Amino acid sequence: MTFSASAAPAPAMPPLAELHLHIEGTLEPELIFALAERNGIELPYADLDELRARYEFSDLQSFLDLYYANMSVLQTEADFADMTRAYLRRAAAAGVRHAEIMMDPQAHVDRGVPLATAVNGVASALAASEAEFGISTGLIAAFLRDLSEESALIVLEELLAMDAPIIGIGLDSAEVGNPPSKFIRLYDRAREAGLRLIAHAGEEGPASYVTDALDLLKVERIDHGIRCMEDTALVARLAEEQVPLTVCPLSNVRLGAVDTLADHPLPAMLDAGLNVCVNSDDPAYFGGHVDDNFAGLKAVFGFGTDVLETLAGNSIRSSFITAERRDVLLAELDAWVRAQG
Ligand code: ADE
Ligand code: ZN
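So, how was this worked out
Residues numbered from 1 in each chain as written. Chains lettered and ligands numbered in written order. Predicted model: local features only at pLDDT ≥ 70, side-chain atom pairs only at ≥ 80, totals over all residues. Heavy atoms only, no water. Helix = DSSP H or I, 4+ residues; strand = E, 2+ residues; numbered from the N terminus. Rg over C-alpha atoms; globule rule 2.2 N^0.38 Å. Buried < 20%, exposed > 50% of the residue type's maximum accessible area, 1.4 Å probe, protein only. Contact = heavy atoms within 4.5 Å. Areas by Shrake-Rupley, 256 points an atom, 1.4 Å probe, with all protein chains shown as cover. Lys, Arg positive; Asp, Glu negative; His and termini not counted. Charge placed at Lys NZ, Arg CZ, Asp CG, Glu CD. Near = heavy atom within 4 Å. Polar contact = N/O pair within 3.5 Å; in protein donor to acceptor, adjacent residues only side chain to side chain. Nonpolar A, V, L, I, M, F, W, Y, C, P; charged D, E, K, R; others polar. pLDDT = per-residue confidence, 0-100. Donors = N, O, S within 2.8 Å, 3.2 Å for Na, K, Ca; no water. Tetrahedral: all angles 85-135°; square planar, octahedral: opposite > 155°, others 65-115°. Core = buried A, V, L, I, M, F, W, Y, C linked by side-chain atoms within 4.5 Å. Pairing = 2+ DSSP bridges. Right-handed = clockwise from strand over helix to strand, strands pointing away. Salt bridge = Lys/Arg side-chain N within 4 Å of Asp/Glu carboxyl O. Axes fitted to C-alpha atoms, helices over the stretch in contact; angles between N-to-C directions. Left-handed = near helix turned anticlockwise from the far one by under 90°. Phe/Tyr/Trp six-rings, centres within 6.5 Å; stacked < 30°, edge-to-face > 60°.

**A word on the overall build of the protein chain**
Consideration 1: Looking only at helices and strands, the protein chain has 16 helices and 8 strands in total.
Consideration 2: The C-alpha atoms of the protein chain give a radius of gyration of 20 Å, which matches the 20 Å a tight globule of 341 residues would have.
Consideration 3: Expressed along its principal axes, the backbone C-alpha trace of the protein chain runs to roughly 70 × 50 × 40 Å.
Consideration 4: With 341 residues in all, the protein chain has 53% of them scored as buried.
Consideration 5: When contacts within the protein chain are restricted to residue pairs at least 6 apart in sequence, long-range pairs at least 24 apart make up 76% of them.
Consideration 6: Entry remark: accessible area of the protein chain is about 13,500 Å², with carbon and sulfur atoms responsible for 52%.
Consideration 7: Positive and negative side-chain charges of the protein chain, numbering 24 and 53 respectively, have mean locations separated by a distance of 4 Å.

**A closer look at the site of ligand 1**
Consideration 1: As a structural note, the neighbourhood of ligand 1 is formed by His22, Leu60, Phe63, Leu64, Tyr67, Asp172, Ser173, His200, Glu203, His224, Asp281 and Asp282.
Consideration 2: Within the side chain of His22, an N or O atom sits 3.4 Å from a nitrogen atom of ligand 1.
Consideration 3: Protein contacts shield 100% of the accessible area of ligand 1, which totals 260 Å² for the unbound molecule.
Consideration 4: Tallied by class, the residues present in the shell around ligand 1 amount to 4 nonpolar, 4 polar and 4 charged.

**Describing the confidence of the model for the protein chain**
Consideration 1: Across the protein chain, pLDDT averages 96, with 97% of residues at or above 70.
Consideration 2: Taken element by element, the protein chain is modelled with least confidence in helix 2 (residues 48-52), mean pLDDT 97, and with most confidence in strand 7 (residues 244-247), mean pLDDT 99.
Consideration 3: Ignoring residues within four places in sequence, the model shows residues 1-5, a span with pLDDT below 50, making 0 contacts including any to other chains.

**Concerning the coordination of the zinc ion (ligand 2)**
Consideration 1: At this site the zinc ion (ligand 2) is bound by His20 (NE2), His22 (NE2), His200 (NE2) and Asp281 (OD), with donor distances of 2.0 to 2.3 Å.
Consideration 2: Between the 4 donor atoms coordinating the zinc ion (ligand 2), the angles at the centre fall across 84 to 174°, so the site counts as irregular.
Consideration 3: Here the donor residues of the zinc ion (ligand 2) are spaced in sequence according to H-x1-H-x177-H-x80-D. Taken as a pair, His20 and His22 share a single burial class, namely buried.

**So, the nonpolar core**
Consideration 1: In terms of nonpolar packing, the biggest core is built from 104 residues, with Phe143, Tyr187 and Tyr285 touching the most fellow members.
Consideration 2: Within the second largest apolar cluster, 5 residues are counted, among which are Met102, Ile140, Ile198 and Phe320.

**Section: the environment of Ala331**
Consideration 1: Along the chain, Ala331 falls in helix 16 (residues 323-339).
Consideration 2: Here Ala331 falls in the partly exposed class, since its relative accessible area comes to 43%.
Consideration 3: Spatially, the C-alpha atoms of Ala331 and Pro15 are 9.7 Å apart, while their sequence positions differ by 316 residues.

**Structural notes on the pairing of strand 5 (residues 196-201)**
Consideration 1: Among the 6 residues of strand 5, 5 are classified as buried, and the element is accordingly described as predominantly covered.
Consideration 2: As judged from the 2 bridges shared by strand 4 (residues 168-172) and strand 5, these two strands associate in the parallel manner. Bridge pairing in strand 5 links Ile169 to Leu197.
Consideration 3: Taken together, strand 4, helix 9 (residues 184-192) and strand 5 form a β-α-β motif whose crossover is right-handed.
Consideration 4: In this fold, strand 5 hands off to helix 10 (residues 207-215), which returns the chain to strand 6 (residues 221-224); that crossover is right-handed.

**Side note on the side chain of Glu18**
Consideration 1: Within the secondary structure layout, Glu18 lies in strand 1 (residues 16-18).
Consideration 2: The buried charged residue Glu18 lacks any salt bridge, with Arg90 as its nearest oppositely charged partner at 8.6 Å.
Consideration 3: Side-chain polar atoms of Glu18 contact the side chain of Tyr87, separated by 2.6 Å.
Consideration 4: Apart from residues no more than four positions distant in its own chain, Glu18 is found in contact with Tyr87, Val96, His98, Ala99, Glu100, Asn279, Ser280 and Val290.

**A word on the packing of helix 4 (residues 77-93) against helix 6 (residues 115-127)**
Consideration 1: In the contact formed by helix 4 and helix 6, the axes pass within 7 Å of each other and the chain directions differ by 35°. Helix 6 is crossed by helix 4, and the crossing has right-handed handedness. Contacts between helix 4 and helix 6 involve Glu77, Phe80, Ala81, Thr84, Arg85 and Leu88 on the former and, on the latter, Ala116, Thr117, Ala118, Asn120, Gly121, Val122, Ser124, Ala125 and Leu126.
Consideration 2: Of the residues in the contact of helix 4 with helix 6, the class split is 8 nonpolar, 5 polar and 2 charged.

**Some words on the pairing of strand 8 (residues 275-278)**
Consideration 1: Here strand 8 shows no split at all, with Asn275 and Cys277 on one side and Val276 and Val278 on the other all buried.
Consideration 2: Strand direction decides the pairing type here: strand 7 and strand 8, joined by 4 bridges, are parallel. Counted as the bridge partner of Thr246 is Cys277 from strand 8.

**Considering the packing of aromatic side chains**
Consideration 1: For the structure shown, the criterion picks out 11 aromatic pairs.
Consideration 2: Where Phe63 meets Phe286, the ring centres are 4.8 Å apart and the plane angle is 55°; that geometry is what we call tilted. Here Phe63 is found in helix 3 (residues 60-70), whereas its partner Phe286 is found in the loop between strand 8 and helix 14 (290-301), with 223 residues between them in sequence.
Consideration 3: Exposure remark for Phe63: the relative accessible area of 3% places this residue in the buried category.

The structure is reproduced here in structure tokens:
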């Protein structure tokens, strides 16, 4: 009688693309303290516990206040590169095979860090990502919607002049009161420069911001978009046009956009035929990476292999990768589904 070694269990996570991720939101408390020490920066928290005690948010702004404050430890190219590598290492373990990563250039320039320091630090880690972690990447410059369009245009022109390795632009930060209509010239300029276009809309802001991001800014993807569910005609349009929505369930719970994970509209969005995928947004702040989001959804909604395949497939098809890379990842996803038995 012969015994063959039993095959390794199929991984719980499907191979996927993470399309909604703020690199500054991956800065873990331990790294904040390590970088503060390296750069001789005094933090307003005595220790890790005191910092972690601040991770209770009532809304988007209460999170943004801490998110921007913690960026003070990012000073050198090495700081930005170390933060980015830490994300990529963790993302690889979560099943991420492609990542389109946002960074907030204005948040660094405005506190005196040169644009090139921030961009080159992140970009240097991304350049090595496929070889080091098996994750292909794209970098997206996100503009802060609570600042002026003029400020965004100045930074975009600087990024273009330095030939920064960005594939697109996004729009983030405080949403309510800062509608897409404020940034029409910015998106016109980015489109003219050949950049891909995405924007946060319908996270805290109304469904009309989703419509305006599509019609006024001509974005190709919507970040969050969950409040589209309040507008039946918009849902029908999003389903018809298969507009990708990069949904972030744990983020929505932690920022109070939904009360609990069980109240999240993701199942209703799937039922409505929307092109949704699951992402972590700011994993260091919201209780986990993309695999933690999937684990929560599986526990609460009992999603099986078919739903996981849909979500992962949507993420890969909604990314800005080449057709060749997309086909490789879709074949990996097929193999994963077959291995689930
Ligand atoms: N910047 C970082 N995370 C964000 C979020 N969830 N919404 C808006 N701006 C952000
Ligand atoms: Zn976001």
